Amino acid sequence: LVDLRNADEHEAEAANRPSELVTVAVPLEDGLREDAEFTRWERSGVLGTPLYYGAFLSRWPERAAAAVAAVAHARSGGVLICCGHGRDRTGLVVMVLLALVGVTPDDIAADYELSADRLRPFCAQLGHGDESTKINEVLARENTSARAAIVTTLAPLDVRTRLRAGGLSDDDLAVLRARLIGPA
């Protein structure tokens, strides 16, 4: 389990986890509240949408690289990536993982949209409102959609170069590729 939540988001677990399940904490946004750019994203509502993905990867490539490395070097078996709801930080990391193995930007955007659709009943079950309305309002204000924001982010982005800048090695990338789709 690659847990992208910040330290202050952790609560008591609802159920005991099996002892063989290993949790690796990779808090993507921990300590960023002091950063002026991060605070600006938060105030504008852009944080929580795919609009911040490209800027986040440019500003903090080491954080994304740490999450990708956690997936690459996890024990054999499945890997679950989670954050607060599984849309924003998880969406960022999954976007990077999918791009690394050659999934098209359109298919990555479709995956994000599917995840957002499937979150509605989950949020309702938890008693949380549907965040999609707020997210769509922010996207509309910025004259875009989630799909367009993801495709636009990925168009100029060399994901491998960005992650290398964050400390991921070519060996890490090879291990990740083999884990996700088999040896080259």
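See the structure above.
A quick note: this is a predicted structure, and the numbers were derived from the prediction, not measured.

A. Structural view of the side chain of Thr 90. Take Thr 90: it is sitting in helix H4 (residues 89–100). In this structure the side chain of Thr 90 is engaged in a polar contact, spanning 3.3 Å, whose partner is the backbone nitrogen of Cys 83. Beyond its immediate stretch of four places on either side in the chain, Thr 90 contacts Leu 4, Ile 81, Cys 82 and Cys 83.

B. Looking closely at the pattern of salt bridges. Under the criterion given, the structure shown has 11 salt bridges. Across the salt bridge formed by Arg 120 and Asp 117, the nearest N and O atoms sit 2.8 Å from each other. Here Arg 120 pairs with Asp 117, and both are found in helix H5 (residues 105–126), just 3 residues apart, close to one helical turn. When salt bridges that share partners are traced, they join Asp 106, Glu 113 and Arg 147 into one network.

C. Seen up close, the sheet that holds strand E3 (residues 81–82). Strand order in the open sheet made by the 3 strands is E2-E1-E3, with parallel pairing throughout. Because the sheet does not close on itself, it has two edges, and the strands there are strand E2 (24–25) and E3. As paired elements, strand E1 (residues 2–3) and E3 share 2 bridges and run parallel to each other. Paired with Val 2 across the strands is Ile 81, a residue of E3.

Analysis parameters
- Residues numbered from 1 in each chain as written.
- Predicted model: local features only at pLDDT ≥ 70, side-chain atom pairs only at ≥ 80, totals over all residues.
- Heavy atoms only, no water.
- Helix = DSSP H or I, 4+ residues; strand = E, 2+ residues; numbered from the N terminus.
- Polar contact = N/O pair within 3.5 Å; in protein donor to acceptor, adjacent residues only side chain to side chain.
- Contact = heavy atoms within 4.5 Å.
- Salt bridge = Lys/Arg side-chain N within 4 Å of Asp/Glu carboxyl O.
- Pairing = 2+ DSSP bridges.

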